[in-house]
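# Close look at the chain arrangement
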4 protein chains.
Amino acid sequence: MKLKLGMIGGGQGAFIGAVHRIAARIDDEYELVCGAFSSDPEKAKASGVLLGLPANRVYTSYKELIAKEKQLPEDERVQVISIVTPNHVHFEPTKLALENGFHVILDKPMTFSLAEAKELEKIVKASGKRFCLTHTYTGYPMVKEAKQFVKSGKLGKIRKVYVEYPQGWLSTFLEGDNQKQASWRTDPGKSGIAGAMGDIGTHAFNLAEYVSGLQVTKICADINIVVEGRQLDDDGAALLKFNNGASGVLMASQIAAGDENNVKVRVYGEKGGLEWQQDVANTLLVKWLDKPAEIYRTGGGYVSSFSSHNTRVPAGHPEGYLEAFANLYRNFALCVKADIEGKTPEPEWLDYPGIEDGVRGMAFVENVIASGKSDTKWTDFII
Amino acid sequence: MKLKLGMIGGGQGAFIGAVHRIAARIDDEYELVCGAFSSDPEKAKASGVLLGLPANRVYTSYKELIAKEKQLPEDERVQVISIVTPNHVHFEPTKLALENGFHVILDKPMTFSLAEAKELEKIVKASGKRFCLTHTYTGYPMVKEAKQFVKSGKLGKIRKVYVEYPQGWLSTFLEGDNQKQASWRTDPGKSGIAGAMGDIGTHAFNLAEYVSGLQVTKICADINIVVEGRQLDDDGAALLKFNNGASGVLMASQIAAGDENNVKVRVYGEKGGLEWQQDVANTLLVKWLDKPAEIYRTGGGYVSSFSSHNTRVPAGHPEGYLEAFANLYRNFALCVKADIEGKTPEPEWLDYPGIEDGVRGMAFVENVIASGKSDTKWTDFII
Amino acid sequence: MKLKLGMIGGGQGAFIGAVHRIAARIDDEYELVCGAFSSDPEKAKASGVLLGLPANRVYTSYKELIAKEKQLPEDERVQVISIVTPNHVHFEPTKLALENGFHVILDKPMTFSLAEAKELEKIVKASGKRFCLTHTYTGYPMVKEAKQFVKSGKLGKIRKVYVEYPQGWLSTFLEGDNQKQASWRTDPGKSGIAGAMGDIGTHAFNLAEYVSGLQVTKICADINIVVEGRQLDDDGAALLKFNNGASGVLMASQIAAGDENNVKVRVYGEKGGLEWQQDVANTLLVKWLDKPAEIYRTGGGYVSSFSSHNTRVPAGHPEGYLEAFANLYRNFALCVKADIEGKTPEPEWLDYPGIEDGVRGMAFVENVIASGKSDTKWTDFII
Amino acid sequence: MKLKLGMIGGGQGAFIGAVHRIAARIDDEYELVCGAFSSDPEKAKASGVLLGLPANRVYTSYKELIAKEKQLPEDERVQVISIVTPNHVHFEPTKLALENGFHVILDKPMTFSLAEAKELEKIVKASGKRFCLTHTYTGYPMVKEAKQFVKSGKLGKIRKVYVEYPQGWLSTFLEGDNQKQASWRTDPGKSGIAGAMGDIGTHAFNLAEYVSGLQVTKICADINIVVEGRQLDDDGAALLKFNNGASGVLMASQIAAGDENNVKVRVYGEKGGLEWQQDVANTLLVKWLDKPAEIYRTGGGYVSSFSSHNTRVPAGHPEGYLEAFANLYRNFALCVKADIEGKTPEPEWLDYPGIEDGVRGMAFVENVIASGKSDTKWTDFII
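Residues numbered from 1 in each chain as written. Chains lettered and ligands numbered in written order. Predicted model: local features only at pLDDT ≥ 70, side-chain atom pairs only at ≥ 80, totals over all residues. Heavy atoms only, no water.

### Regarding the environment of Gly320 of chain C
What counts is decided by this rule: Secondary structure elements are defined from DSSP: runs of H or I of at least 4 residues count as helices, runs of E of at least 2 residues count as strands, and each element is numbered from the N terminus. Residue contacts are counted whenever heavy atoms from the two residues lie within 4.5 Å of one another.
With respect to the secondary-structure elements, Gly320 of chain C resides in the loop between helix H10 (305-308) and helix H11 (321-340). Other than its neighbours up to four places away in sequence, Gly320 of chain C contacts Tyr140 of chain C together with Pro318 of chain D.

### With respect to the UniProt feature "domain: GFO/IDH/MocA-like oxidoreductase" (unreviewed entry) in chain A
Condition: UniProt positions are given in the numbering used here, feature names are shortened, and annotations may be inferred rather than shown by experiment.
Here, UniProt's "domain: GFO/IDH/MocA-like oxidoreductase" (unreviewed entry) annotation points to residues 144-275 of chain A. Structurally, residues 144-275 of chain A is divided into 27% helix and 33% strand, and its ends, taken at the C-alpha atoms, are 12 Å apart.

### Some points on the interface of chain C and chain A
As a reminder, the rule being used: A carboxyl oxygen of Asp or Glu within 4 Å of a side-chain nitrogen of Lys or Arg is what we treat as a salt bridge. Whenever a nitrogen or oxygen atom comes within 3.5 Å of another N or O atom, the pair is scored as a polar contact, on the condition that within protein one atom can donate a hydrogen and the other can accept it, and that pairs from neighbouring residues in sequence are kept only if both atoms are in side chains. Amino acid classes used here: Ala, Val, Leu, Ile, Met, Phe, Trp, Tyr, Cys and Pro are nonpolar; Asp, Glu, Lys and Arg are charged; the rest, including Gly, are polar.
Contact with chain C, which involves 47 residues of that partner, is made by 47 residues of chain A. Summed over the shared surface of chain C and chain A, the result is eight salt bridges. In this structure, the salt-bridge partner of Lys241 of chain A is Asp222 of chain C, at a minimum N-O distance of 2.7 Å. Summed over the shared surface of chain C and chain A, the number is 26 residue pairs in polar contact (both at pLDDT 80 or more). Of all the elements in the fold, those that place two or more residues in the side of chain C that touches chain A are strand E6 (158-166), strand E7 (216-224), strand E8 (235-242), strand E9 (247-253), strand E10 (264-269), strand E11 (272-277), strand E12 (283-288) and helix H13 (355-373) of chain C. For the side of chain C that touches chain A, the leading source of residues is E8 of chain C, giving six residues. Of the residues contributing to the side of chain C that touches chain A, the split by class is 19 nonpolar, 14 polar and 14 charged.

### Digging into the relation of the copies chain C and chain A
Our working definition: Copies overlap after least-squares fitting; the atoms used are the C-alpha atoms of residues with pLDDT of at least 70 in both.
The transform that puts chain C on chain A rotates by 180° and translates by 0.0 Å along the axis, for an RMSD of 0.0 Å. The relationship between the two copies is best expressed as a two-fold rotation axis. When C-alpha positions in chain C are compared against the rotation axis, the closest is assigned to Lys377 of chain C, at 2.0 Å.

### Focus on the side chain of Ser82 of chain D
Residue and element names in this part refer to chain D. Relative to the helices and strands, Ser82 resides in strand E3 (residues 80-83). Engagement of the side chain of Ser82 in a polar contact is seen with the side chain of Tyr329, the distance being 2.5 Å. Apart from the residues lying within four places of it in its own chain, the contact partners of Ser82 are Leu5, Gly6, Met7, Ile8, His20, Ile105 and Tyr329.

### Quick word on the sheet that holds strand E1 (residues 3-8) of chain C
All names here are of chain C. In plain terms, the rule: At least two DSSP bridges between two strands are required for those strands to pair. What counts as an axis is a line fitted to C-alpha atoms, over the stretch in contact for a helix, and the angles between N-to-C directions run from 0 to 180 degrees.
With parallel pairing, the five strands of this open sheet are ordered in space as E2-E1-E3-E4-E5. Both edges of this open sheet fall to strand E2 (30-36) and strand E5 (131-133), since each of them pairs with a single strand only. Geometrically, the sheet is characterised by an average inter-axis angle of 20° between neighbouring strands, direction not taken into account. Pairing of strand E4 (residues 103-106) with E5, which is carried by three bridges, proceeds in the parallel orientation. Across the sheet, Ile105 pairs through a bridge with Cys132, a residue of E5. Each of E1, E2, strand E3 (80-83) and E4 touches helix H1 (residues 15-26); the most contacted strand, E1, lies at about 175° to it.

### Notes on the side chain of Gln148 of chain C
Looking at the element boundaries, Gln148 of chain C is found in helix H6 (residues 141-152). If near-sequence neighbours (up to four positions away) are discounted, Gln148 of chain C is found in contact with Ser304 and Phe306 of chain C.

### Description of the packing of helix H5 (residues 114-127) of chain D against helix H13 (residues 355-373) of chain D
All names here are of chain D. Applicable threshold: Oblique is the label for every angle not falling under 35 degrees (roughly parallel), over 145 degrees (roughly antiparallel), or within 65 to 115 degrees (roughly perpendicular).
The N-to-C vectors of H5 and H13 enclose an angle of 170°; their axes lie 8 Å apart at closest approach. Here H5 lies roughly antiparallel to H13, going by the angle between them. On H13, the residues touching Leu114, Ala117, Lys118, Leu120, Glu121, Val124 and Lys125 of H5 are Ile355, Glu356, Gly358, Val359, Met362, Ala363 and Glu366. Grouping the constituent residues of the contact of H5 with H13 by class yields eight nonpolar, one polar and five charged.

Written out as structure tokens, the structure is:
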């Protein structure tokens, strides 16, 4: 049984919409049945044709999509809606979808503001529907392995967390050329109060908390607009304190010229440390105080069920970003289907990012930007 | 428009069948409409259900599939058939499919013998249908970049080619435990005259010829059965001569304990060299005699159209084995669709492995095994 | 002509003293002629015997060494004195040596306090003698290449600097076992106000300023004592502002369990970035916004004179930590000899760390520790 | 006590002589007392001055050096003679030195021919003097660790050995420009019957046998002269059989354009494999069939005494080529001194390459060249 999937946003030329669709297809758990790909009717229609959708399931607004789909018979109607619009069009469609009985997969950062995020949390909880926020990196098998490793206690108490996300693609004033990806990300009206911190800082933050199993409690940030003329931060770093007393450093930049997307997390405990980075995504380096470091590999016979469950091919055949993304979609589908069938989802299936990640992510955005502007050194991480 | 895809082989528990299906799904160019997944009716049926196929499109033999599909109206009928059975069931279904007007995607090695391969070549040519042999590694963007780099002449005349495919998974007598993947691969009745040479040696050989643009003309091989009790080679190496006078070394082993699938190719010309390996698949290392080595990356703004055409996400978001596989499927689909639409396929689309690769691959199998048994040093590479 | 070298500290069991002696020997510019290796007469004597020194040139205090050597005829007398004692015994012997006409090579951090450092600066300048502070990492050819690269302007204006020095060896309470290296480094009476920040933070700071050619102007630090019972910081991080407006992050830890000494620096400008780390010390990665990254290598035919001058063997034969250390000794010797011969030292020779590095390093220690204790976010980097 | 060292060859402009002298200095076990650096009296003299030798200990021929030194009082006289001349001037000076009571350190390949090598073996054995052949790579701590690892049996029976030494520096006709290093290496009158095979093939061969603990018994080689006009091989590869039934592949090339000196060895047993390469010399990768690979590191607390004995600085401070070379010199000195003191050398000290390595190395040269010319596939490895 495939779940019926709809999409809001993600019309022609959009990058992340296409990624969501590939992710949904890889494990064959979904069938795309409808979409509101664009508010421009021509563009919406063209996208629908390209995707092989019948014209009557291609809508020009999320409101129309939700209203019309709701009227369809249950066995035709969309079940899961992916929302891949810019940040300022996250909250309303998600709210409407949930309140009308649809499960939602939403691109990050979750909302335009923390207030919206907290409001959405209530809505999600009240709705009884499932909600996934696409923090892709936690979908990588070796990131999951890292989390399980920390959880196992083998490293002892966690003491230090370094996380970084250096990109270089906004090193120039791309938005001046109306480059699509750059334009909305640097526009406060569409992105919210943060640029880099919202776009990639939230990924770094989520990764740090996910792997360490800890929560940030205090923050001290340096937030910069480096490229002249830009309206939102394109670079930043933050000192962190965690709820177990550990400290950390988060770095995220979009002006690290020459860097691609090599997000990296390192976690150190009393007995050893872990290191994962996207460039060698199928490797988790486990370092020990007193014995040789070990190389854990996607597909290795020795990995945890949280890792093996999210792997498709034998070790050494690299799985990448799209498979990590697909893991979110697949686990979400397994849970929705379990719900439908009245079964209890497996712990491995439930391990997808959700509303709590989203609230914490938006809290990160607001706290890090506030800290960046503050003369006080440590500010409490407030939700 | 999606192409209608059928599959022969690849029932539950099969590894490569699932990979083909993912590859076919990733770019949404195909719709799976039928299958003969197993000769065991129960298994075939169960596989069909799992894949969401209607019962009447699930067959228990390739003959049935081809016969029944042919009778369907053209707009329902399967268009492309993927054949993912063990080697001894490659030739007949491929022949039948082609002769009945279907395009074929076939897993490697192409056939059970070189004689079959040459026969198939005639059939393919006579059929006017398209044929793809899934030499996955040539689907990687950076492998394509390597080929284009050599072709551009920037390295000067090619002088040396090293190619290797070290695996360790057959280090023990797995077939004694009836491990499915091991069993047929080590069975001369199913694999043919070669084990490792057919399974991974053909990949290495294909990669070497593809990237270098050269053809092997002479061979001198050392072929071994290392694990006691095994019936087919599980290890080998060969010295090579190419048609431009260059020399090379090919190494393939399934008893390289601890190794995964780190297939690697190095090509050296007068002015520099190239290096690609699957473990860092998104990187092509370009080395120069007199200036710094360069790191070409999947998704880089500077890569050739042959590489960028086969890339889905921005640089730094790794694409892996499944995407490489998907590139074969996608390019094949683009060509088939161009044919249907009466258009000329782009050169980038045509760059998928085909019948000539298959014939040369089977020639490699026969020549390398013969050389392994011969006391003569250099034997001509005979087709 | 070899320079006559004496050593203060570095008796049996000392780590860094032995390193200094190897560094002095590698390029044959020095002859060890005397030493005050220990205040324990037995130990001093034994060290002298081991090093093949005549008994009358082995002293039991630096005062004795300086006093007695001064009385020797000029052609016998020590010329350069290496001081490799713990931090609290840096200032006095250096002062005495300089004031008595000897050149000094001193281990880092330069002094016990910034006040001492500034005092020493005056003494060095007044003395007319040469002074070298052993910030080893700036002796690596590829670090020098990095500095020259930035200086050339090829990267455009520098915008971001990341520097890190993660070690794990103080993850446990080693000083409780009287481990020699741990004991003095964690003892405020011997190390001063800082532990990790003085020991390795100063290296990171020096590396960042050396490569970027910039100076830190503001700092915001998180300084931690992680291991229970420890008296000095064993971990820290700092946000930085530089004098051209660039920002940076410095991380140094001795509780990064499983890490060795993989000091790493990254510098980003408008057009590209540089990356160097000790684990692959012979490589400088040069990343560009719009073309393939380049791999600069120690010994490459294309490197600057600052790099090639500090290289002994052909590319690919790795030179390491001891050679980097030896480069400091060699360049210092070349300058001293040029002075003696009334020649002008080459720019490449003058490129060794000196008194200004030492003053800035001690300023770093005091500023970073003060910032760690401060509630104010950004504090001016005061000297 | 320092051993008195003399040198034959290695005058100004020679590469390897300088390397030998650094290697001898690093651990302070030697004092250079005399040399016959060149047959050109001016050059010899200048080299002596540069090295600070008294004029009467600088000779213009090895015969003079040996004759004159022999007449010196025992406590002045040279004890160990390093011979760093081109291959055709290895045998005679070594013979003369040994027969006159001097220990010898000789650069590889050992002699001009296998006949000379076997003759030298008799001379060494008759002399009662120590003899070291500088196969540098076996001086690396992690190469020694690899050997011990194999010896421990942890990998089970060895099945496969890959060794490679790709260089690119002879990609052009350098000898046409009278480049000093290229000229003698490509001159049959100075190098003997082999070029690349003698220069670097012998290193690869030695490394393979050293690490595996096995001996080659059969060989099948492809030997090429790639650069037009060259007189000796600049490229080659060989299939190998070992005395325990294992097989192997050896590759050595000097026309691998863009490659430096990244010599690499891989050894596979029944349970796992080892991988070492010079580019990451301080790492030994240990791969297992059924658990995570491990990263052994120079200086790690868990390494064998054979490795730790040959390490000077803490883990993470890379030691390189010169330290590996120094390990040969140091171990040789420790043995010579033990002999003098009537003590039994430790096993770790005795682990330096000697006459047997030299004989096998020259046998490799003759066997591999003969095999290259032969039409027979496998030829016995004859000594």
